[in-house]
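# Structural overview for review
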Amino acid sequence: MIRVNYNGLIADIRDEELEAGLAELSQCSRSERRRIMHSVQKELEKSMKLTDSGRVAFTEQQLKDTANDIGLWFANEVIEGRAENYKVKVQ
């Protein structure tokens, strides 16, 4: 399991989730991957705005969706070779 930080939103990504994200994104062309990542980042920015506006309590489904989006975003960072920048050290 990897703990990942996306602009202050932190999610624990299980190995199998990362592998699934890598498999999905690896099948896409670069332009398709960009389109997917644009959509994912829009959703993550919405989550960021919710937390910034007073620490709104997410529903369980919102938490799962946000964690899945972070996992897919991180899989793209692995493909692009930038993943190490976003790992959180667990103490």
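Residues numbered from 1 in each chain as written. Predicted model: local features only at pLDDT ≥ 70, side-chain atom pairs only at ≥ 80, totals over all residues. Heavy atoms only, no water.

### Describing the overall build of the protein chain
- A count of helical and extended segments in the protein chain gives 3 helices and 2 strands.
- When the helices and strands of the protein chain are listed from N to C terminus, the series reads β-β-α-α-α.
- What you see for the protein chain is a C-alpha radius of gyration of 13 Å, in line with the 12 Å of a compact globule of 91 residues.
- Looking at the protein chain as a whole, 33% of its 91 residues qualify as buried.
- Considering only contacts in the protein chain between residues 6 or more positions apart, those separated by 24 or more positions represent 66%.
- Just so you have it, the protein chain exposes about 6200 Å², and 47% of that area is on carbon and sulfur atoms. (Helix = DSSP H or I, 4+ residues; strand = E, 2+ residues; numbered from the N terminus. Rg over C-alpha atoms; globule rule 2.2 N^0.38 Å. Buried < 20%, exposed > 50% of the residue type's maximum accessible area, 1.4 Å probe, protein only. Contact = heavy atoms within 4.5 Å. Areas by Shrake-Rupley, 256 points an atom, 1.4 Å probe, with all protein chains shown as cover.)

### Considering the nonpolar core
- Val4, Tyr6, Ile36, Val40, Ile70, Trp73 and Phe74 are the most contacted members of the largest nonpolar core, which has 20 residues in total.
- For this core, the secondary-structure elements that each account for two or more residues are strand E1 (2–6), strand E2 (9–13), helix H1 (15–26), helix H2 (30–52) and helix H3 (60–80).
- Not counting residues up to four positions away in its chain, the partners in contact with Trp73 are Val4, Asn5, Tyr6, Met37, Val40, Gln41, Leu44 and Tyr86. (Core = buried A, V, L, I, M, F, W, Y, C linked by side-chain atoms within 4.5 Å.)

### Details of the environment of Gly71
- Within the fold, Gly71 resides in helix H3.
- C-alpha separation for the pair Gly71 and Val40, spaced 31 residues apart in sequence, amounts to 10.0 Å.

### Considerations on the confidence of the model for the protein chain
- Within the protein chain, residue pLDDT values average 86, and 91% of them lie at 70 or more.
- For the protein chain, E2 is the element with the lowest average pLDDT, namely 87, and H1 is the one with the highest, namely 92. (pLDDT = per-residue confidence, 0-100.)

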